[in-house]
Amino acid sequence: MEKLKVVFHINENEKWPVVLSNVKNLIKDMGEENIIIKVIANGVAVSCYMPEPDNQRVIRNVEELSAIGVVFIACRNSLMGNRIDEKTLSDTIEIVPAGVTELVKRQSEGYAYIKP
Amino acid sequence: MEKLKVVFHINENEKWPVVLSNVKNLIKDMGEENIIIKVIANGVAVSCYMPEPDNQRVIRNVEELSAIGVVFIACRNSLMGNRIDEKTLSDTIEIVPAGVTELVKRQSEGYAYIKP
Amino acid sequence: MEKLKVVFHINENEKWPVVLSNVKNLIKDMGEENIIIKVIANGVAVSCYMPEPDNQRVIRNVEELSAIGVVFIACRNSLMGNRIDEKTLSDTIEIVPAGVTELVKRQSEGYAYIKP
């Protein structure tokens, strides 16, 4: 059976806890081998990727979930708009030119869309 | 013609009025025989399914819309997270192990996604 | 190659700046000739289509983006619910009986869905 696929869209920082919880519940329920998950952050939500003390919980989760195959993505437009130097971000975070393009292309490939 | 299909996703209690209004408008516009509608509640939004005085308006709508075929779904993870005993909920509400899995699977079957 | 297609859904006025910014970033990234974009407003968000001083920025953007092919849509149910006379709106804005129906039908035709 073909794996199911999903993009989670986050554009507000206060949604990080629910996005991360949703991703974990999905993996727990389906098994990490049965689902392809991408988390696409744009707007101000990209700022939680910055290696700063306030973001420790998000960053630890990003590292742990990346290790089992979840792909975390940042929108370059949003990084620039929030004056974040992409070189400061962890290598595990994928940078794309535009988060919205990514959301459109993935859905055209059969990914489901969830906006927590 | 194959029926159109849609999942409404709700994860915040204050969104219940707009979700219910959207569902009614969709049925009024398309005809209940032409559309399959599922409402998937996760996060704190499952608490409006509890048979309590404050939830009367939601529950009455859930009963009326269920009677014409709309399926209302609660995420078990969210029920447990909000310490809600699923045995207290109306039988018309379908319980699924994880709301996010339901959102992914339905979209993979061709359901549209709407987050009011 | 078939053009990619996307509907942006907006139902809150304060989301207009981010929706318009997302649309511009998508066009800048993909090229206006490679993407079909519809912006579907329902709920209170239709009120920003009204030709009033406070809405100047939204309206100017709607005109400019319409000129390069973006389609802006208003839900008639929502116009009536917000006591807005549709005859006062610019001709560039398309009126549909129900925004939710439009969201379902377009997704059934392969449009991606983005809720900023």
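See above for the structure.
Predicted model, so just to flag it, every value in this text is computed and none were measured.

(A) Inspection of the relation of the copies chain B and chain A at higher detail. Expressed as a screw operation, the relation of chain B to chain A combines 0.0 Å of axial shift with a rotation of 120°, fitting to an RMSD of 0.0 Å. Given the turn and translation reported, the copies of this chain are related as if by a three-fold rotation axis. A low fraction, 12%, of the interface residues of chain B reappear at the interface in chain A, so the copies pair through non-equivalent surfaces.

(B) How the structure looks around the interface of chain C and chain B. Taken residue by residue, the interface counts 16 residues in chain C and 18 residues in chain B. Between chain C and chain B, roughly 1,200 Å² of surface is buried when both sides are summed, and carbon and sulfur atoms account for 62% of that area. Summed over the shared surface of chain C and chain B, the result is one salt bridge. Ionic pairing is found between K15 of chain B and E12 of chain C, a salt bridge with its closest N-O pair at 3.2 Å. In this structure, the connection of chain C to chain B is made through six residue pairs in polar contact (both at pLDDT 80 or more). Broken down by element, the residue count for the side of chain C that touches chain B peaks at seven residues, all from helix α4 (residues 99–108) of chain C. Among the residues making up the side of chain C that touches chain B, the classes are represented as six nonpolar, seven polar and three charged.

(C) Region of the structure containing the packing of helix α1 (residues 16–30) of chain A against helix α4 (residues 99–108) of chain B. Packing of α1 of chain A against α4 of chain B leaves a shortest axis separation of 8 Å and a crossing angle of 75°. Our classification of the angle between α1 of chain A and α4 of chain B gives roughly perpendicular. Residues N22, N25, L26, D29 and M30 of chain A of α1 of chain A pack against V100, T101, V104 and K105 of chain B of α4 of chain B. Partitioned by chemical class, the residues of the contact of α1 of chain A with α4 of chain B number four nonpolar, three polar and two charged.

(D) Broad picture of the sheet that holds strand β3 (residues 71–75) of chain B. All names here are of chain B. As summarised here, the arrangement of the five strands in space is β4-β3-β2-β1-β5, forming an open sheet in which the pairing is parallel. Sheet topology places β4 (93–96) and β5 (112–114) at the edges, where each strand pairs with a single neighbour. For this sheet, the mean inter-axis angle between neighbouring strands, taken without regard to orientation, is 25°. Sheet contacts for α4: β1 (4–10), β2 (35–41), β3, β4 and β5; angle to β2, the most-contacted strand, approximately 155°.

(E) Quick peek at unusual backbone geometry. Its identity is not glycine, yet R83 of chain A carries a phi of approximately 50°, on the positive side. One can find R83 of chain A in the loop between α3 (76–81) and β4 (93–96).

(F) A look at the interface of chain B and chain A. Chain B puts 16 residues into the contact, and the matching count from chain A is 18 residues. Both faces combined, the contact of chain B with chain A buries some 1,200 Å², and carbon together with sulfur accounts for 62% of it. The interface formed by chain B and chain A holds one salt bridge in total. Put simply, chain B and chain A have six residue pairs in polar contact (both at pLDDT 80 or more) between them. Broken down by element, the side of chain B that touches chain A gets its largest block of residues, seven residues, from α4 of chain B. For the side of chain B that touches chain A, the per-class residue count stands at six nonpolar, seven polar and three charged.

Procedures and definitions
- Residues numbered from 1 in each chain as written.
- Chains lettered and ligands numbered in written order.
- Predicted model: local features only at pLDDT ≥ 70, side-chain atom pairs only at ≥ 80, totals over all residues.
- Heavy atoms only, no water.
- Least-squares fit on C-alpha atoms with pLDDT ≥ 70 in both.
- Contact = heavy atoms within 4.5 Å.
- Buried area = accessible area lost by both parts, 1.4 Å probe.
- Salt bridge = Lys/Arg side-chain N within 4 Å of Asp/Glu carboxyl O.
- Polar contact = N/O pair within 3.5 Å; in protein donor to acceptor, adjacent residues only side chain to side chain.
- Helix = DSSP H or I, 4+ residues; strand = E, 2+ residues; numbered from the N terminus.
- Nonpolar A, V, L, I, M, F, W, Y, C, P; charged D, E, K, R; others polar.
- Axes fitted to C-alpha atoms, helices over the stretch in contact; angles between N-to-C directions.
- Parallel < 35°, antiparallel > 145°, perpendicular 65-115°, else oblique.
- Pairing = 2+ DSSP bridges.

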